[in-house]
Amino acid sequence: MTAPVFLVDSLEGVTAGSAVTLDGPEGRHAVSVRRLQPGEEIVLTDGLGRGAAGVVLRTEGKDRLEVEVRDLPVETEPAPRITVVQALPKGDRGELAVETMTETGVDEVVPWQAARCITQWKGERGAKSQAKWRATAREAGKQSRRLRFPEVADAATTKQVAALLATADFAAVLHEEGAEPLATAELPAEGSIVLVVGPEGGVSPEELAAFAEAGAKPYRLGRSVLRTSTAGTAATALLLGRTGRWG
């Protein structure tokens, strides 16, 4: 089994052979939940692509351990970068979407308040929902042993999504009536891919028109119609395989 990953604020100045202390909530999880013991392997990361792999030297109390660093792995910037614009699903399906996309390998998730979204992110509720998405990405990043965690952007309007699509090297909208399958689309080897996943009620004609003007064509994923909370994960897996990032 691969070594568990824990998040630290910074790895600045950490070198091979040095000792690093893990404490606070992450230290508590390592000591009291995972029950790591001296000699066991562990990986620390800043979530920005840098890691410190080593072994536990000692534990102190219920929330503190010391790690001897033996290696400094790096997760390079991905190419092409994959961003999924995720319409807000009902209930906790948003966190499910973020969790599975993170585990699969997405690089950024942009929450989108689509016209047909039942869920609304407003005021304090919106701030809490966004915080949940970011916490989910962080925990899923650790669970999937990533060193570079995906970004969860601020919630975007349709106009902002269109602007993002206009800057992409490949822009697409998942749509069951798309003339071309995503599996055969010509993809870039570098740059950025931006994919829009609509809400349960679908992407409105006005939104499709705005996205088409920005250069995003509608593509179908397969014969079946997936939920909004699973479509992004399936599409991300397809893109990672086709671009060679899963090679």
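Look above for the structure.
Since the model is a prediction, treat every value here as computed from it, not as a measurement.

(A) Region of interest: the side chain of Ser-204. Mapped onto the secondary structure, Ser-204 falls in the loop between β11 (192-197) and α5 (205-213). In this structure Ser-204 comes out as buried when scored by relative accessible area, which is 5%. For Ser-204, the contacting residues outside a window of four places in its chain are Ala-115 and Arg-116.

(B) Looking closely at the sheet that holds strand β5 (residues 64-71). Strand order in the open sheet made by the five strands is β1-β3-β4-β5-β2, with mixed pairing throughout. On the outer flanks of this sheet lie β1 (5-7) and β2 (19-22), each paired with one strand and no other. Averaged over neighbouring strand pairs, the angle between their axes works out to 40° when direction is ignored.

(C) Region of the structure containing the layout of surface pockets. Taken as a whole, the largest pocket holds about 470 Å³ of empty space. If you trace the largest pocket, you find 24 residues lining it, with Leu-174, His-175, Glu-176, Val-225 and Leu-226 closest to the centre. Within the residue set of the lining of the largest pocket, elements represented by two or more residues are β12 (217-220) and α6 (228-242). With three residues, α6 is the single largest residue contributor to the lining of the largest pocket. When the residues that make up the lining of the largest pocket are grouped by side-chain class, the tally is nine nonpolar, eight polar and seven charged. Quantified by volume, the second largest pocket comes out at close to 210 Å³. The wall of the second largest pocket is formed by 13 residues, among which Glu-75, Gly-105, Asp-107, Arg-146 and Arg-245 lie closest to the centre. Residues belonging to the lining of the second largest pocket are distributed by class as follows: three nonpolar, three polar and seven charged.

(D) Geometry of the nonpolar core. In terms of nonpolar packing, the biggest core is built from 46 residues, with Trp-112, Val-161, Leu-165, Phe-170, Leu-182, Val-196 and Phe-211 touching the most fellow members. Every element with two or more residues in this core is listed here: β6 (81-87), α2 (93-104), β7 (108-112), α3 (123-143), α4 (158-166), β9 (170-174), β11 and α6. Setting aside chain neighbours within four positions, we find Val-196 in contact with Val-85, Trp-112, Val-161, Leu-165, Ala-172, Val-173, Leu-174 and Phe-211. Of all hydrophobic cores here, the second largest spans 16 residues; its members include Val-20, Leu-22, Val-31 and Val-69.

(E) Local environment of the sheet that holds strand β10 (residues 180-181). Spatially, the seven strands line up as an open sheet ordered β8-β7-β6-β11-β9-β12-β10, and their pairing is parallel. Sheet topology places β8 (151-152) and β10 at the edges, where each strand pairs with a single neighbour. In terms of strand pairing, β6 meets β7 through five bridges, oriented parallel. Residue pairing across strands places Val-84 opposite Val-109, the latter belonging to β7. Relative to β11, α4 is tilted by about 150°, and along the sheet it contacts β6, β7, β9 and β11.

(F) View of the packing of α2 against α6. Taken N-terminus to C-terminus, the directions of α2 and α6 make an angle of 10°; their axes are 8 Å apart at the nearest point. Considering the angle they form, α2 stands roughly parallel to α6. Every residue of α6 that contacts α2 at Arg-93, Leu-96, Ala-97, Thr-100, Met-101 and Thr-104 is listed here: Ser-229, Gly-232, Thr-233, Thr-236, Ala-237 and Leu-240. Partitioned by chemical class, the residues of the contact of α2 with α6 number five nonpolar, six polar and one charged.

(G) Broad picture of helix α1 (residues 24-33). Among all positions in α1, only Glu-26, Gly-27, Ala-30 and Val-31 are buried. Seen along its axis, α1 keeps its buried residues to an arc of 120°; they face one direction. Seen from the open side of α1, the exposed residues pointing more than 90 degrees away from its buried face are Pro-25 and Val-33. Summarising the contacts, the buried residues of α1 are in contact with β1, β2, β4 (51-60), β5 and α3. Residue Arg-35 follows α1 closely and has a positive phi angle near 55°.

(H) Up close: unusual backbone geometry. The omega angle of the peptide bond from Ala-79 to Pro-80 is -5°, so this bond is cis rather than trans. With respect to the element layout, Pro-80 can be found in the loop between β5 and β6. We note that Arg-35 has phi near 55°; this positive angle belongs to a residue other than glycine. Inspection of the secondary structure puts Arg-35 in the loop between α1 and β3 (41-45). Residue classification places Arg-35 among the exposed positions, given a relative accessible area of 57%. The backbone of Arg-145 sits at a positive phi, close to 65°, despite the residue not being glycine. Taking the relative accessible area as the measure of exposure, Arg-145 reaches 27% and is therefore partly exposed.

Definitions and limits used
Residues numbered from 1 in each chain as written. Predicted model: local features only at pLDDT ≥ 70, side-chain atom pairs only at ≥ 80, totals over all residues. Heavy atoms only, no water. Helix = DSSP H or I, 4+ residues; strand = E, 2+ residues; numbered from the N terminus. Buried < 20%, exposed > 50% of the residue type's maximum accessible area, 1.4 Å probe, protein only. Contact = heavy atoms within 4.5 Å. Pairing = 2+ DSSP bridges. Axes fitted to C-alpha atoms, helices over the stretch in contact; angles between N-to-C directions. 1 Å grid on protein atoms, 1.4 Å probe; cavity = no way out; pocket = protein on both sides within 12 Å on 5 of 7 lines; lining within 4 Å. Points joined across faces, edges and corners; volume = space filled by probe spheres on them. Nonpolar A, V, L, I, M, F, W, Y, C, P; charged D, E, K, R; others polar. Core = buried A, V, L, I, M, F, W, Y, C linked by side-chain atoms within 4.5 Å. Parallel < 35°, antiparallel > 145°, perpendicular 65-115°, else oblique. Arc of directions from axis to C-beta.

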